[in-house]
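Structure at a glance
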Amino acid sequence: MFCRSAGRALRALALLQLQPPARAAPFTARGPAACYGTSITSAKIQVNGVHLHYQQTGEGSHAVLLLPGMLGSGQTDFGPQLKSMNKQLFTVVAWDPRGYGKSIPPSRDFPPDFFERDAKDAVDLMQALKFKKFSLLGWSDGGITALIAAAKYPNLIHKLVVWGANASVTQEDVRIYNGIRDVSKWSEKVRKPLEELYGHKYFAETCEAWVDGISRFAENSDGSICQQLLPDIKCPTFIIHGEKDPLVPQAHAEYIHKHIKGSRLLLMPEGKHNLHLRFAKDFNREVENFLR
């Protein structure tokens, strides 16, 4: 789904020189993980004036919220996690942020505080579901939302896992985002399920609006989205990054790692932006071990 020029630019990007992070062992293809047959329920609940859709599975005492990326939903973004995470240890909730998935209406928009709005919605959803404390697993935009939530609501967050996330937007990032503005240029494999979920018009218009909305952060000092909040994150934090991610340069993961005290960074040599789907078994194992 990404333009060739963006890929070339990413490969040319110089990486920050930090303490060497852990590197994952060679991955196997997706395969079944431990599953205890617990069904996946689907429901809506009113939170902050909107009806938010969520899926829930598992019966464990450790509650986990999965936060999807741009245009994402539990259904499209977290199938292998909902199916195969350990359901005796965890209660897993995957939500559709307002304007995404089945949390429509309202239509999705991108005001300057849309990440903060999502963070409050996510936390308030879990409280409405009677979870007193929970962990966050955030992918891409959902990772940004999770970082903000962990910083602003520290008493509610047990542990934090983020991948494909960034705390700032550079001019290089803006160029990459503009490379995916036109959804007709996306691969059919990525485009088709989103068109089926949203219809072409809503999908295309929302993607363009997202590019405009996230690109505005590049106008801030240092392009910050939430850089100033990272030192406020006190919970155990696990950052995962795919070394072949064509959308988010590795320097973003390294910056987050550097500015969250005590955090752990794992690099996946063959991982791309959707590493939790492509290498679901390995991803689930790493995350479950961290959450235990």
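These numbers come from a predicted model, not from an experiment.

On to the overall build of the protein chain. In terms of helices and strands, the protein chain carries eleven helices and nine strands. Per-residue burial over the protein chain gives 57% buried out of 292 residues. In the protein chain, the share of contacts with a sequence separation of at least 24, taken over all contacts with a separation of at least 6, comes to 77%. Split by element, the accessible area of the protein chain, about 12800 Å² in all, is 50% carbon and sulfur.

Below, the discussion takes up the confidence of the model for the protein chain. Overall, the predicted model of the protein chain reaches an average pLDDT of 90, with 87% of residues at or above 70. The low-confidence segment residues 1-20 (pLDDT under 50) makes 29 contacts with residues lying over four places distant or belonging to another chain. Ignoring residues within four places in sequence, the model shows residues 25-37, a span with pLDDT below 50, making 21 contacts including any to other chains.

Glancing now at empty space enclosed by the protein. Over the atoms, a rolled probe matching the size of one water molecule traces out where space is still vacant. What the rule picks out here adds up to two cavities of 30 Å³ or more. In this structure, the largest cavity encloses a volume near 70 Å³. As for the largest cavity, its lining consists of Leu67, Pro68, Gly69, Trp95, Pro97, Tyr100, Arg108, Phe115, Asp118, Asp141, Gly142 and Thr145. Going through the elements one at a time, α4 (114-128) and α5 (141-152) are the ones with two or more residues in the lining of the largest cavity. With three residues, α5 is the single largest residue contributor to the lining of the largest cavity. Taken together, the residues of the lining of the largest cavity break down into six nonpolar, three polar and three charged.

The tally for this structure, following the rule as stated, stands at eleven salt bridges. Of the charged contacts, one joins glutamate 195 and arginine 191 as a salt bridge, the two residues approaching to 3.6 Å between their closest N and O atoms. Placement of both glutamate 195 and arginine 191 in helix α7 (residues 188-198) is noted, with a separation of four residues, approximately one turn of the helix. Assessed through its relative accessible area of 24%, glutamate 195 is described here as partly exposed. The exposure class of arginine 191 is buried, given its relative accessible area of 17%. Ionic pairing is found between lysine 244 and glutamate 270, a salt bridge with its closest N-O pair at 2.7 Å. With lysine 244 in the loop between β8 (237-242) and α9 (250-259) and glutamate 270 in the loop between β9 (264-268) and α10 (275-278), the pair connects residues that are 26 residues apart, well separated along the chain.

What counts and what doesn't
- The numbers attached to residues start from 1 for each chain and follow its sequence in the written order.
- Predicted model: local features are reported for residues with pLDDT of at least 70 only, side-chain atom pairs are reported and counted for 80 or more only, and whole-chain, interface and lining totals are derived from all residues.
- Values reported for side chains reflect all heavy atoms of the structure, with hydrogen atoms and water molecules removed beforehand.
- Put simply, DSSP marks the helices as runs of H or I at least four residues long and the strands as runs of E at least two long, and each gets a number from the N terminus on.
- We call a residue buried when its accessible area falls under 20% of the maximum for its residue type, exposed when it is over 50%, and partly exposed in between, using a 1.4 Å probe and counting protein chains only.
- We call two residues in contact when some of their heavy atoms are within 4.5 Å.
- The protein chains shown are the only cover counted for residues, whose accessible areas, like all others here, come from Shrake-Rupley with a 1.4 Å probe.
- A score between 0 and 100, pLDDT records how confident the predictor is in each residue.
- A cavity here means a set of points on a 1 Å grid, drawn over the protein atoms and nothing else, where a 1.4 Å probe fits but cannot get out; a pocket is an open set with protein on both sides within 12 Å along at least five of seven lines, and a residue lines either one if it has an atom within 4 Å of a point.
- Grid points are joined across faces, edges and corners, and a volume is the space filled by probe spheres set on the points.
- Under the convention adopted here, Pro, Cys and the residues Ala, Val, Leu, Ile, Met, Phe, Trp and Tyr are nonpolar, Asp, Glu, Lys and Arg are charged, and Gly plus all remaining residues are polar.
- A pairing counts as a salt bridge when a side-chain nitrogen of Lys or Arg comes within 4 Å of a carboxyl oxygen of Asp or Glu.

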